[in-house]
Amino acid sequence: MASLTQNQSVLSWIDEKAELVKPDKIVWIDGSEEQIEALRAEACSTGELIKLNEELLPDCYYHRTAVNDVARVEDRTLICTKKEEDAGPTNHWMDPEKAYKMLYDIARDSYKGRTMYVIPYSMGPVGSPLAKIGIELTDSIYVVLNMCIMTRVGKKVLDVLGDSNDWVRGLHCKCAIDAENRWICQFPEDNTIISVNSGYGGNVLLGKKCFALRIASYQGKNEGWQAEHMLILGIENPQGEVKYICAAFPSACGKTNLAMLIPPEGYRKKGYKVWCVGDDISWIRKGEDGRLYAINPENGFFGVAPGTNDHSNPNALASTKKGTIFTNVARNLDDNTVWWEGLDKNPPVNAEEWTGKKVNGPEWKAEGKNLAHPNSRFTAPAVNCPCISSEFENPQGVPISAFVFGGRRAKLAPLVYQSRDWNHGVFVGSIMASETTAAAAGAVGVVRRDPMAMLPFCGYNMGDYWKHWIDIGKTLDPDKAPKIFNVNWFRKDDEGNFLWPGFGDNLRVLEWILKRCDGEVDAKETAIGYVPYAKDINIEGLEGEVSLDSLESILDVDKSLWETEADGIAEFYGKFGDKLPEELSEELETLKANLK
Ligand code: GTP
Ligand code: SPV
Ligand code: MN
């Protein structure tokens, strides 16, 4: 097939990689509906995909990954920089020369008997000044079809690229899906990503975490912008004014849910609306007016299925009703649809659980077993979302009023608090900690430090990353800089029940945040920052679920717990040596002094 570009840097790189992996043929992905349809049919003929019920789920497909390949693998995700120090103490590192040799040995001849698909894609609206281009080579139709949902793909991207050399190289080889030889390697100094022996989302959709966070965070440091693990949402008040918030929560901690929330009834009646710009990643840059602007570089949602239902996130559910690929959920064999834990209370009787075993759903559940994998996902086009923002395609992005950090903490972190200023806000992000989830392989529910929700995604030394945040702050007029907050939807009582209803009701907290941005409400100064007076969080309509008393207890700052936390922060900071920005060690001293 003829190539879609004359760009020499592209053509010679593809030649070189084809020489290595030896595909039977090379197919360029042009982004046309005919080509996508033909690939779907081919994947169905080999069993890679199963077509779902056309009436109930038009253009939707089902896919199972290997059972050993269901989540990101953080200990096999490497940052390959010449100097180990440039990857920093929180990343796994390998010398680039050694890594290339290891990867090429694994990848060599691995496309024999297979097709090489060449996917030209844009992260961000095609041609936007904030967008960037990548090319992914893959031997997986599943990857091609996911990339066609998650990014903007095809000839138009190559037309924008022209003969530029500014694009990110990505090579994905399924190989034998051998967990012992699985590696997800980023070479930030070479704009290159190589992924071998996996077929799971974040490991193989190279535009997402590998490029849009790990490589892009490094590019952002060098070019004066930021790539963050943040959703973007717009909140429209009854006067029709829209304000935008970016929020960083670790994987499976509520970004997709917050980004598409449905306002509580009282708010809807008053005329509040929420608009989704993005649910996972933000690229942020200062605009001409001195404010920070964010785009969502993605074009779809790769969302956690379990827990998504008509009540928790109707907008996400609606987004999955057409043109969606479901991965590792369960199938209802009676009507050829999908099911997952938390979709409804009726697991299908005639079911196929996520590994493909035919089971009786209710009996299987009675044995305490899951039908869907806890990290099962949907890949849904953003345009399907009923609350997609009118600014979703805006090449300039949207102006940000607030940054919100948050994690899963059963104790300690209050429902919400505000930092005193930018540097303190960077401190608040840097000390984030959260219970681990099924989004990555390994133990679930263990509290670990996850600064800015970027622990698995920062492509360089986290100390330099914090410095970059501090430096960005220096370029901003304090009146125009986003205000910085921390939230915790996951505080629990001693019996293990969530103290805050969460989901749509989180808008009540966002309302307080926006009021603070506009200086419309007072707050209580505490050792950790500004905490709301309970009366200032609107709990109208929450009778029975939250009282003023219980709200007081979720807003409580327990000094003795925070003293222990400060010791943990000091220990974590100790890893960074002289890479720890002075501003942050000063903030830690202030916290300790405040707790005395
Ligand atoms: P990634 O796609 O991995 O980055 O995850 P995410 O941050 O987008 O998380 P998502 O919104 O998919 O939520 C993950 C899980 O958290 C789901 O099971 C949700 O039901 C649950 N969750 C989300 N928001 C809330 C909340 O406000 N309260 C509670 N209790 N659970 C929530
Ligand atoms: C995450 O884990 O944060 C995700 C899913 O958004 S993945 O694409 O697998 O990284
Ligand atoms: Mn994510």
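Now for a look at the structure at hand. Predicted model, so just to flag it, every value in this text is computed and none were measured.

1. What to know about the site of ligand 1
Next, step 1: The full set close to ligand 1 counts 21 residues, and A252, K255, T256, N257 and R377 are the nearest of them.
Next, step 2: Interatomic distance of 2.9 Å between a backbone N/O atom of G254 and an oxygen atom of ligand 1.
Next, step 3: At a separation of 2.8 Å, an oxygen atom of ligand 1 approaches a polar backbone atom of T256.
Next, step 4: Of the pockets mapped on this structure, ligand 1 occupies the largest pocket.
Next, step 5: Contributing elements (two or more residues each) for the shell around ligand 1: α9 (255–259) and β18 (300–304).
Next, step 6: With 3 residues, the top contributor of residues to the shell around ligand 1 is α9.
Next, step 7: Residue composition of the shell around ligand 1, by class: 10 nonpolar, 7 polar and 4 charged.
Next, step 8: In this structure, the shell around ligand 1 is formed jointly by two domains, domain 2 (228–296 + 392–595) and domain 3 (301–384), each of which donates at least three residues.

2. So, the pairing of strand β11 (residues 192–196)
Next, step 1: Buried residues dominate β11, accounting for 5 of its 5 residues.
Next, step 2: The side-chain alternation of β11 yields two buried faces, one formed by T192, I194 and V196 and the other by I193 and S195.
Next, step 3: By the bridge criterion, 5 bridges tie strand β9 (residues 168–173) to β11 in an arrangement that is parallel. Among the inter-strand pairings, C173 is bridged to a residue of β11, identified as V196.
Next, step 4: Sheet topology note: the strand β10 (residues 183–187)/β11 ladder contains 5 bridges and is antiparallel. Bridging from a neighbouring strand, I184 pairs with S195 of β11.

3. Let's talk about the side chain of R449
Next, step 1: Mapping R449 onto the fold places it in strand β28 (residues 447–449).
Next, step 2: Within the structure, the side chain of R449 is placed 2.7 Å from the backbone oxygen of I431, a separation counted as a polar contact.
Next, step 3: Polar side-chain contacts of R449 include one of 2.9 Å to the side chain of E565.
Next, step 4: Among residues more than four places away in sequence, those in contact with R449 are I431, M432, A433, L455, E565, G568, I569 and F572.

4. Section: the sheet that holds strand β2 (residues 50–51)
Next, step 1: Spatial ordering of the open sheet is given by β2-β3-β19-β24-β18, a layout of 5 strands whose pairing is mixed. Edge positions in the sheet fall to β2 and β18, since each of these pairs with one other strand and no more.
Next, step 2: In terms of strand pairing, β18 meets strand β24 (residues 377–381) through 5 bridges, oriented antiparallel. What sits directly across from F302, in β24, is T379.

5. What about the coordination of the manganese ion (ligand 3)?
Next, step 1: Protein-derived coordination of the manganese ion (ligand 3) comes from K209 (NZ), H229 (NE2) and D280 (OD), at a distance range of 2.1 to 2.4 Å.
Next, step 2: Given 6 donor atoms and angles of 64 to 175 degrees at the metal, the environment of the manganese ion (ligand 3) is assigned as irregular.
Next, step 3: Motif for the manganese ion (ligand 3), donor spacing along one chain: K-x19-H-x50-D. Placement of the pair is H229 in the loop between β12 (226–228) and β13 (230–236) and D280 in the loop between β15 (273–278) and β16 (282–286), with a sequence separation of 51 residues.
Next, step 4: For D280, a relative accessible area of 8% translates into the label buried.

Rules of the game
- Residues numbered from 1 in each chain as written.
- Chains lettered and ligands numbered in written order.
- Predicted model: local features only at pLDDT ≥ 70, side-chain atom pairs only at ≥ 80, totals over all residues.
- Heavy atoms only, no water.
- Near = heavy atom within 4 Å.
- Polar contact = N/O pair within 3.5 Å; in protein donor to acceptor, adjacent residues only side chain to side chain.
- 1 Å grid on protein atoms, 1.4 Å probe; cavity = no way out; pocket = protein on both sides within 12 Å on 5 of 7 lines; lining within 4 Å.
- Sits in = over half its atoms within 2 Å of the grid points.
- Helix = DSSP H or I, 4+ residues; strand = E, 2+ residues; numbered from the N terminus.
- Nonpolar A, V, L, I, M, F, W, Y, C, P; charged D, E, K, R; others polar.
- Domains from an automatic or database assignment.
- Buried < 20%, exposed > 50% of the residue type's maximum accessible area, 1.4 Å probe, protein only.
- Pairing = 2+ DSSP bridges.
- Contact = heavy atoms within 4.5 Å.
- Donors = N, O, S within 2.8 Å, 3.2 Å for Na, K, Ca; no water.
- Tetrahedral: all angles 85-135°; square planar, octahedral: opposite > 155°, others 65-115°.

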